[in-house]
Amino acid sequence: MAPITSILLTGLSLASHTLAVRLLGTHFSGQIFTYELALNNATSGALSITTNTTGCGVTPTWLHFDEATRIVYCIDESWQGSGVLTQWTLGAKGLSLNASAATPGNSVHGSTYGGKDGRSFLVTSEYSPSTLTNYKLPITASSKPIQTLQFTQAAPGPRPDRQDKPHPHSAFTDPTGAFLIVPDLGADLTRIFKINKDTGVLTACPAISSLPGDGPRHGLFNKIGYGQLKYYSLNEVSSSVGVYDVIYPSSDGDCLSLKLGQTISNYGPSVPLGNVSVKSAEIRIVGDSLYASNRNDSSFGFEQDSIATFKIGSTGALTFVELANSYSYYPRSFSFNKAGTYVAIGGQTTANIAIVARDTKTGKLGKLVANLLVPPRGTYGGEDGISSIIWDEPEKRHN
Ligand SMILES: *[C@@H]1O[C@H](CO)[C@@H](O)[C@H](O)[C@H]1NC(C)=O
Ligand SMILES: *[C@@H]1O[C@H](CO)[C@@H](O)[C@H](O)[C@H]1NC(C)=O
Ligand SMILES: *[C@@H]1O[C@H](CO)[C@@H](O)[C@H](O)[C@H]1NC(C)=O
Ligand SMILES: *[C@@H]1O[C@H](CO)[C@@H](O)[C@H](O)[C@H]1NC(C)=O
Ligand SMILES: *[C@@H]1O[C@H](CO)[C@@H](O)[C@H](O)[C@H]1NC(C)=O
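Cut-offs applied
- Residues numbered from 1 in each chain as written.
- Chains lettered and ligands numbered in written order.
- Predicted model: local features only at pLDDT ≥ 70, side-chain atom pairs only at ≥ 80, totals over all residues.
- Heavy atoms only, no water.
- UniProt positions renumbered as here; feature names shortened; annotations may be inferred.
- Near = heavy atom within 4 Å.
- Polar contact = N/O pair within 3.5 Å; in protein donor to acceptor, adjacent residues only side chain to side chain.
- Areas by Shrake-Rupley, 256 points an atom, 1.4 Å probe, with all protein chains shown as cover.
- Helix = DSSP H or I, 4+ residues; strand = E, 2+ residues; numbered from the N terminus.
- Nonpolar A, V, L, I, M, F, W, Y, C, P; charged D, E, K, R; others polar.
- Phe/Tyr/Trp six-rings, centres within 6.5 Å; stacked < 30°, edge-to-face > 60°.
- Lys NZ or Arg CZ within 6 Å of the ring centre and 35° of its normal.
- Contact = heavy atoms within 4.5 Å.
- Pairing = 2+ DSSP bridges.
- Axes fitted to C-alpha atoms, helices over the stretch in contact; angles between N-to-C directions.

Looking at an unreviewed UniProt entry, one finds the chain named Putative isomerase YbhE and attributed to Melanomma pulvis-pyrius CBS 109.77. Quoted verbatim from the Sequence similarities (unreviewed entry) field of UniProt, the annotation for the chain is "Belongs to the cycloisomerase 2 family."

See below:
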């Protein structure tokens, strides 16, 4: 009888309620918000703020959300010579602070690694001090770095205004959790480290060069075809995506390596790489579609920047599909819901969250479903406004 009851309840709840989903994100002004998206139907809804809190320093920039443990780590981009690293727990009523540690500041990204389940340590990337810093978890008020790895380069890169020195922009593990990948925007490198899962200690492997002037910022691993792994690099400075083969070592203790096979502009294969006015920001993959956001291209009119859409072929190679409207200016952050039916876009300067529908058959982004302004607005070209947006979709419990 249980299945019939479930069907009846599902029918009732669909009839009497709109569907509500939670999101969370940071604002460079110091706030961390939770949001609720209430959908009337597939293409119309309303987004509203449900909670707001502070405590992630003066410039919250990035959240690492561990869905299974409900722990949220918040990274502070403060460039004032000091910052904080905070650990929160996400409950029904929003975020509650577990602990906050002092840091040297200017961290732009953070993620967990190591231990048995990839949750024992946290690594942060510092943009202008050109460092990579790691901490043992949980965060406490007296947390101190395990290591502070300092990067240097002999001379500025091809874009000296952006590439004056190394600028590590993110750090995350490969799918096995044995290696750490660190895109370096200043040095045109994807740095690779071996992870000691017990101590959290990182040991440098040979770094992999991008094309000169690419300025790698973020990246993703993705399985294609018969389970073969590829690595996709979002290159902020050249506004392009690099596609790399992933080469695992034949014996334990050796290094992971990457081999660049394709670089394609976010504006398609016929457009030369590197437009000085555009700063690409985020990369995401859903199914066989890859998306890359472009800040400051105004492709869809005043304060309407684009998100490039690519198809991932059976060999992992990318084919440019089209540019889609991000309904925002400076789309710094965007992420998809689990079903791949919506993308939430964080417009940095316009300080808005746009929810845009995604066609699950074609992968194309389409209609603006909901839009919320979250003041204060950013300033032109400034490091202010909305910094990040992610979804919170806990697995549903079945009785
Ligand atoms: C979705 O809801 C909106 C607002 O209630 C309405 O204007 C629109 O016609 C609806 N669309 C569909 C396809 O039902
Ligand atoms: C933040 O929360 C406080 C109550 O805790 C509320 O008064 C304020 O309006 C909220 N701000 C925003 C932007 O939602
Ligand atoms: C964090 O705070 C939550 C909520 O107060 C609490 O349930 C949890 O035990 C805390 N976790 C840690 C690791 O301190
Ligand atoms: C650079 O991007 C801007 C904004 O999209 C565009 O107007 C301009 O034509 C591009 N320049 C080149 C050299 O592609
Ligand atoms: C934005 O693009 C315009 C050209 O379209 C350029 O003049 C300007 O410097 C760019 N601004 C920033 C902040 O990148």
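(A) Here's a closer look at the site of ligand 3. If you check the shell around ligand 3, you find Gln87, Thr89, Ser96 and Asn98 and nothing else. Interatomic distance of 2.3 Å between a side-chain N/O atom of asparagine 98 and an oxygen atom of ligand 3. Here ligand 3, which alone exposes 360 Å², has 37% of that area covered by the protein. For the shell around ligand 3, the secondary structure elements donating two or more residues are β6 (83–91) and β7 (94–103). When grouped by side-chain class, the residues that make up the shell around ligand 3 number no nonpolar, four polar and no charged.

(B) Broad picture of the packing of aromatic side chains. For the coordinates displayed, the defined rule picks out twelve aromatic pairs. An angle of 10 degrees between the planes, with centres 6.2 Å apart, marks the rings of tyrosine 329 and tyrosine 380 as stacked. Pair noted here: tyrosine 329 is in the loop between β24 (318–325) and β25 (331–336) and tyrosine 380 is in the loop between β28 (365–373) and β29 (386–392), with a separation of 51 residues, a long-range link. Directly above the ring of phenylalanine 151 sits arginine 191, whose terminal nitrogen or CZ lies 4.0 Å from the centroid.

(C) Expanded view of the environment of threonine 148. Structurally, threonine 148 is set in strand β11 (residues 147–150). Taking the C-alpha atoms as reference points, threonine 148 and threonine 133, 15 residues apart in sequence, are found 4.6 Å from one another. Apart from the residues within four sequence positions on either side, threonine 148 is in contact with Thr131, Leu132 and Thr133.

(D) Just the site of ligand 2, in detail. In the region of ligand 2, the neighbouring residues are Phe33, Ile49 and Asn52. Contacts to ligand 2 include asparagine 52, whose side-chain N or O atom sits 2.4 Å from an oxygen atom. Out of a free accessible area of 360 Å², ligand 2 has 30% covered by protein chains.

(E) A look at the sheet that holds strand β8 (residues 107–113). Strand order in this open sheet of four strands is β8-β9-β10-β11, and the pairing throughout is antiparallel. Two strands bound the open sheet, and with one partner strand each, they are β8 and β11. Across this sheet, the average inter-strand angle for adjacent strands is 20 degrees, counted without regard to direction. Strand direction decides the pairing type here: strand β10 (residues 131–136) and β11, joined by four bridges, are antiparallel. By the bridge assignment for β11, threonine 131 is matched with glutamine 150.

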